[in-house]
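Coordinate inspection notes
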Amino acid sequence: MPTTLEIKLPPAELHDPEALRRAVSRKGISEQRIGEVIVDRRSIDARGSHPVYRLRVEVRSAEEGPAPEAPPTLSLRDVSDAPPVVVVGCGPAGMFAALELIELGLRPILLERGRDVRSRRRSLRAIQQFGEVDPDSNYCFGEGGAGTYSDGKLYTRSLKRGNYLKALRTLVDHGAQADILIDAHPHIGSNKLPQVVANMRETILAHGGEIRFGHRLTDLEYDQDLRALLVTDDFGSTYRLVAEAYILATGHSARDVYHLLDRHGIRLEAKPFALGVRIEHPQSLIDRIQYGQSEREENLPASSYKLVTQVKERGVFSFCMCPGGLVVPAATAPGEIVVNGMSLSRRDSPYANSGTVVAVEVEDLAPYAAAGVFAGLAFQEAVERAMFASGDGTQQAPAQRLPDFVAGKISRDLPASSYIPGLHTAPLHDLLPAGIYDRLRQGVQDFGRKMRGYFTAEANVIGVESRTSSPVRIPRDRHSYQHPEAASLYPCGEGAGFAGGILSAAMDGQNVARAVAAKVKG
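Residues numbered from 1 in each chain as written. Predicted model: local features only at pLDDT ≥ 70, side-chain atom pairs only at ≥ 80, totals over all residues. Heavy atoms only, no water.

1. A few points about the overall build of the chain
Along the backbone of the chain there are 13 helices and 22 strands. Relative to the 2.2 N^0.38 estimate, which gives 24 Å for 522 residues, the radius of gyration of the chain is 24 Å and therefore close to what a compact globule would have. C-alpha extents for the chain along the principal axes are approximately 70 × 65 × 40 Å. For the chain, the proportion of its 522 residues judged to be buried stands at 57%. Considering only contacts in the chain between residues 6 or more positions apart, those separated by 24 or more positions represent 71%. (Helix = DSSP H or I, 4+ residues; strand = E, 2+ residues; numbered from the N terminus. Rg over C-alpha atoms; globule rule 2.2 N^0.38 Å. Buried < 20%, exposed > 50% of the residue type's maximum accessible area, 1.4 Å probe, protein only. Contact = heavy atoms within 4.5 Å.)

2. Re the packing of aromatic side chains
What the rule picks out here adds up to five aromatic pairs. Judged by centre distance (5.7 Å) and plane angle (80°), the ring pair of tyrosine 368 and phenylalanine 379 falls under edge-to-face. Of this pair, tyrosine 368 sits in the loop between β17 (351-360) and α8 (375-389) while phenylalanine 379 sits in helix α8, and the two are eleven residues apart along the sequence. Residue classification places phenylalanine 379 among the buried residues on the basis of a relative accessible area of 7%. An aromatic cluster of three or more residues is present, and its members are Phe273, Tyr368 and Phe379. Of note, arginine 473 hangs over the ring of phenylalanine 498, and the distance from its end group to the ring centre comes to 5.9 Å. Here the guanidinium or amino end of arginine 476 rests over the ring plane of phenylalanine 498, the centre of that ring lying 3.9 Å away. (Phe/Tyr/Trp six-rings, centres within 6.5 Å; stacked < 30°, edge-to-face > 60°. Lys NZ or Arg CZ within 6 Å of the ring centre and 35° of its normal.)

3. Some words on the sheet that holds strand β22 (residues 489-491)
If you walk across this open sheet you meet the five strands as β6-β5-β4-β10-β22, and the pairing is parallel. The two strands at the open ends of the sheet, each matched to only one other strand, are β6 (210-213) and β22. The average angle at which neighbouring strand axes cross in this sheet is 20°, direction not considered. Note: strand β5 (residues 107-112) against β6, four bridges, orientation parallel. When the bridges of β6 are listed, leucine 111 appears paired with arginine 212. The sheet strands contacting helix α13 (residues 502-520) are β4 (84-88), β10 (246-248) and β22, and the helix crosses β22 at an angle near 160°. (Pairing = 2+ DSSP bridges. Axes fitted to C-alpha atoms, helices over the stretch in contact; angles between N-to-C directions.)

4. Quick look at the pattern of salt bridges
Taken as a whole and judged by the stated rule, the model has 36 salt bridges. Put simply, arginine 113 and aspartate 256 hold a salt bridge, and the shortest N to O gap is 3.0 Å. With arginine 113 in the loop between β5 and α3 (117-130) and aspartate 256 in helix α6 (residues 255-263), this residue pair connects regions lying 143 residues apart in the sequence. A residue is classified by how much of its surface remains accessible, and arginine 113, at 13% relative accessible area, is buried. Here the salt bridges do not stand alone but share partners, grouping Arg255, Glu336, Glu381, Glu384 and Arg467 into one network. (Salt bridge = Lys/Arg side-chain N within 4 Å of Asp/Glu carboxyl O.)

5. Topic: unusual backbone geometry
Going from glycine 463 to valine 464, the amide bond is cis rather than trans, its omega being 0°. Turning to its location among the elements, valine 464 is positioned in strand β20 (residues 460-465). With a phi close to 50°, lysine 312 is a non-glycine residue in the positive phi region. Within the secondary structure layout, lysine 312 lies in the loop between β13 (308-311) and β14 (314-322). You will see that cysteine 320, though not glycine, has its phi angle at about 55°, which is positive. Positionally, cysteine 320 belongs in strand β14.

6. Considering the pairing of β5
Within β5, six of the six residues are buried, which leaves the element mostly enclosed by the surrounding structure. Neither face of β5 is open: one carries Arg107, Ile109 and Leu111, the other Pro108, Leu110 and Glu112, and all of them are buried. What joins β4 to β5 is helix α2 (residues 92-103), and the crossover it makes is right-handed. (Right-handed = clockwise from strand over helix to strand, strands pointing away.)

This is how it looks when you write it as structure tokens:
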């Protein structure tokens, strides 16, 4: 039987197979008995004076021979003539739902308001270079969803929610590096993920599925049951679409979809979310803090951090940390400033950034109570528009040096930044809601005590990080996955309030597809 071991390797020996065998032999297995060594898990331990890699390996003896090849991840068939299921949204939840439907013998029809990954690049250039926001094609909307051009991190704590290994293997089968199967914090990168997404699209199409870009859900036929969708294409023509079931996977920023459901009396719920800023440091500074090295070793990746504290009964925490990354504009409508983070596969930007946010509970939204279930949306929108109004009408983002942010004074100047539209000095301490600012002010000081060197004038505080998750949940039955009051409607993914990242959304898509198949196929 193969033996499982935990071993350590210095960074310089990570890619040396002989060093790996020597480390195994030091665990009491003679080198003559070592056949194949397979790395199952890999992480960095920087707690000591010298960072090391911790590896979990499976050791097969020479007599056992190499490990058998893994079976195909997906078992797909042609579903051209199968019953149709509409999937609204072509992000990770929608795409993984579509692949699962094909495996189960159903024909997915994906509707995506945005463009394919290649065409989306023109939209991203327009917002970065010219401040022009396309409300249907941007960093949040388009093929692959928000994750495609915002880093491609695959870490999730929701491993019990679905088949996470199948999701990872599906990504590898479509072009992602196999390292994501073993890394403790897997990452693809925004330069690699678009091709992976395009390959997934081709798989869906090759097996009889359909994807309609530039097609937007604009109305419903609903009478205690969802009977049809009304869809408007990019030429302005509206058509009626009928299917066996309707999976709603529209993402956390499709605010119009929430309002559409509400107009038809389909129940929604307010849910907690978080709002704050994005803080950007020089990556070299974070490396010195985390690795204790004046210059990072060649085989160590750009270092990251995770920070959390409690201030006045609310969590303050780092979110979506992007080592060697970029800050990007993530607005989905004109007249708002929203920022997010991304990084490329090499994570070789000279900057590190992280969302730094405060938990917002439903009871914190009393000033917006008149908006009812949309109080959180109204809160988000008010902050985003205040950030835009502080500037010059472009996507330049308001910012302060970190100590000035805490002191409540406007910065005279700002450090260099990765944010392409540019930064302008502004009083974030006044632009943010008082409860958010006060908790952030205390929280980042606590972070500076926990991570010596974090609290520095070299750091930019940039507003606003507001799309951490949806402030609205579309409820569903925990067993059937259908909306309790709208048969045939299956809320799914981040936009429905049941996921929080690429991998958890992918697993939710798989789960919902299986529930749909159980109903449709009886």
